[in-house]
Every structure is written in C-alpha cells, then in structure tokens.
Amino acid sequence: DKSYPRHSAFAATSYIKWIEQSGFRWMPISMFESARNIEDKLASVNGVILTGGKLNLNKNSLNVRIYRKVVRAILDHAMARNDAGERFAVFGICLGYEALLSSIMGDGYSFIQARDMNKMRPIYFTKEAHESSYMRAVFSERQMQRMSGRKLFYFHHKHAADLAGSLSSGKFNEHFAILAAMNSTDNKQIITMVKHKRYPFIGTQFHPEKVQFEHYD
C-alpha cells in the first residue's frame, strides 16, 4: 500500500477478529523481523496464518525475496514440529495461499493473471473435498452441496493458480489435494482451495475473514 512505508507490514483487523471469534489468541509475525525473533515466536505458538497482501510472487523484488525466505522458515518449522508428533497448522489466504504453493512447489511454479478484485464469487467443491476428513469435520455433505456454486466467497486478487497446469504437474499432485476451483471473472479456471497431503496445511485463494468483518455486497 502506497500509504505505508516500504519496510512496514500490518495485519488487517478482519484477520484479528476472525481469529479471536474462534477462541484463539494471536501474535503478529512481520517479514521484516530478525530470523531469531521469528523463530522465538514460532516456538511459542501452534499454528500460523499467512495473510493476504500485495506482493507479486512472479517477480523477484527485494521484498518478494524477503517474504519468500520468511515463509520458507515458517513452513520448515511447521514441518519439523509435525514430524516430531506435534500438530502445527498453517493456513494460507490469498497471497499466503500462493506463498504456500510456491514455497513447496519451488521456484519454477508461477501464477497466471486472473483478476477477481473485490468480488463475491461461486466456487465448486471437488470430489476430493467431499471425501476429505478435514472437510467432513467442518461441514456436512448437505452444507457443502448448498455452498457449492453460490456467490458466498470473497476474492481480491490479480494472480491465481492455474487448474489445468497444476493438475498436469506430478509434483503438485504429490503434495496437494485440490478441494475447490472456479472460473475467474476473466473466465480462467483457477484453484481456490487446497490441502497438503501430509501436513495440516490449508490454502484458500478466497478470503474467509472478510465476509463477516469488511466486505458487504
């Protein structure tokens, strides 16, 4: 945001309210903190939400490199904790979701231009979503059927993960299950929700926090 200094970051109030309404306590982690501070904070929590933002991960700017390095450190920490038998969840939203994908997929994974700016859009749950124990723990089959295809999901993005390109990638299919997809405003098929197959990592292109606390349609 041009109204903020280059080396600053903030958490939108909607994320904080969304976290607190679920009974959780939150702690901010800035991409501009020292590696030691970030590691100390990670050691005191049991999960991280990678929030949305304005970085273009297809570029190689200084801030993108800093951000990628921090996200990689968070995921490495989360994987180590899970491998040691301690559950540590990661939830990526919009930019955070894109960072989750690109960090695990590697530098060769890029995003297509697909604009859905300040839009309520329908998504469609996949067969994997209906069979997912994670989804069944949160939603009934009837609820998923009623949500699918309705304009209930808020999007605000310029880039997205290409559905066809990801499905054709052996590495993508090795790591991620696609739980939902949609046609963007400019009629491109994009992925809107994924779950990692080994770790408790979830990513959504849509913003679950904004419908309640920021956006109205």
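Up top is the structure.
Keep in mind that this is a model prediction, so the values were computed, not measured.

(A) Region of interest: the overall build of the protein chain. Within the protein chain, the regular secondary structure consists of ten helices and eight strands. In terms of C-alpha radius of gyration, the protein chain reaches 17 Å, essentially the compact-globule figure of 17 Å for 217 residues. Summarising its shape, the C-alpha atoms of the protein chain cover approximately 45 × 45 × 40 Å along the three principal directions. Within the protein chain, the fraction of its 217 residues that count as buried is 43%. Sequence separation of 24 or more characterises 73% of the internal contacts of the protein chain that already satisfy a separation of 6 or more. Surface summary for the protein chain: the accessible area is close to 12100 Å², and the carbon and sulfur share equals 50%. Each charge sign in the protein chain was given a centre, from 30 positive and 20 negative side chains, and these centres are 3 Å apart.

(B) Layout of helix H1 (residues 13–21). When we look at burial in H1, the residues that qualify are Ser14, Tyr15, Ile16, Trp18 and Ile19. In this fold, the buried residues of H1 make contact with strand E1 (47–50), strand E2 (89–93) and helix H10 (210–213). Immediately beyond the C-terminal end of H1, within one or two residues, lies glycine 23, with a positive phi of roughly 90 degrees.

(C) Representation of the packing of helix H3 (residues 62–83) against helix H4 (residues 95–105). Packing of H3 against H4 leaves a shortest axis separation of 10 Å and a crossing angle of 75 degrees. Judged on the interaxial angle alone, H4 and H3 are roughly perpendicular. Contact residues: Tyr67, Arg68, Val71, Arg72, Leu75 and Met79 in H3; Leu95, Gly96, Ala99, Leu100, Ser102, Ser103 and Ile104 in H4.

(D) Just H4, in detail. The element H4 is extensively covered by neighbouring structure, given that eleven of its eleven residues are classed as buried. Considered for burial, the residues of H4 that qualify are Leu95, Gly96, Tyr97, Glu98, Ala99, Leu100, Leu101, Ser102, Ser103, Ile104 and Met105. Within two residues after H4, glycine 106 carries a phi angle of roughly 100 degrees, on the positive side.

(E) Examining the packing of aromatic side chains more closely. Taken as a whole and judged by the stated rule, the model has eight aromatic pairs. On the basis of an interplanar angle of 75 degrees and a centroid distance of 6.0 Å, the ring pair of phenylalanine 155 and phenylalanine 206 is categorised as edge-to-face. On the criterion of sequence distance, the pair formed by phenylalanine 155 in strand E5 (residues 151–162) and phenylalanine 206 in the loop between strand E8 (201–204) and H10 is long-range, its members being 51 residues apart. Using a relative accessible area of 0% as the deciding quantity, one classes phenylalanine 155 as buried. A relative accessible area of 8% places phenylalanine 206 in the buried class. Geometrically, the ring pair formed by tyrosine 199 and phenylalanine 201 is stacked, given 5.4 Å between the ring centres and 20 degrees between the ring planes. For the pair formed by tyrosine 199 and phenylalanine 201, the shared burial category is buried. Members of the aromatic cluster, connected to one another through ring pairs, are Tyr109, Phe111, Phe172 and Phe176.

(F) Representation of the pairing of strand E7 (residues 189–196) within the structure. The element E7 is largely enclosed, with a buried count of six among its eight residues. As paired elements, E5 and E7 share two bridges and run antiparallel to each other. When the bridges of E7 are listed, aspartate 162 appears paired with isoleucine 190. As judged from the seven bridges shared by strand E6 (residues 176–183) and E7, these two strands associate in the antiparallel manner. Considered in E7, the bridge of methionine 182 is made with isoleucine 190. Between E6 and E7, which pair antiparallel in sequence order, lie five residues; one of them, asparagine 187, sits at a positive phi of approximately 65 degrees. Where E7 folds back onto E8 in an antiparallel hairpin, the turn is made up of four residues.

(G) Just the pattern of salt bridges, in detail. One pass over the structure, following the stated rule, counts seven salt bridges. Between aspartate 83 and arginine 198 there is a salt bridge; the shortest N-O distance is 3.1 Å. Here arginine 198 lies in the loop between E7 and E8 and aspartate 83 lies in helix H3, a separation of 115 residues in the sequence. In this structure aspartate 83 comes out as partly exposed when scored by relative accessible area, which is 47%. A residue is classified by how much of its surface remains accessible, and arginine 198, at 61% relative accessible area, is exposed. Within the structure, one salt-bridge network assembled from shared partners comprises Glu209, Lys210 and Glu214.

Here is what the cut-offs are and how they apply
- Residues numbered from 1 in each chain as written.
- Predicted model: local features only at pLDDT ≥ 70, side-chain atom pairs only at ≥ 80, totals over all residues.
- Heavy atoms only, no water.
- Helix = DSSP H or I, 4+ residues; strand = E, 2+ residues; numbered from the N terminus.
- Rg over C-alpha atoms; globule rule 2.2 N^0.38 Å.
- Buried < 20%, exposed > 50% of the residue type's maximum accessible area, 1.4 Å probe, protein only.
- Contact = heavy atoms within 4.5 Å.
- Areas by Shrake-Rupley, 256 points an atom, 1.4 Å probe, with all protein chains shown as cover.
- Lys, Arg positive; Asp, Glu negative; His and termini not counted.
- Charge placed at Lys NZ, Arg CZ, Asp CG, Glu CD.
- Axes fitted to C-alpha atoms, helices over the stretch in contact; angles between N-to-C directions.
- Parallel < 35°, antiparallel > 145°, perpendicular 65-115°, else oblique.
- Phe/Tyr/Trp six-rings, centres within 6.5 Å; stacked < 30°, edge-to-face > 60°.
- Pairing = 2+ DSSP bridges.
- Salt bridge = Lys/Arg side-chain N within 4 Å of Asp/Glu carboxyl O.

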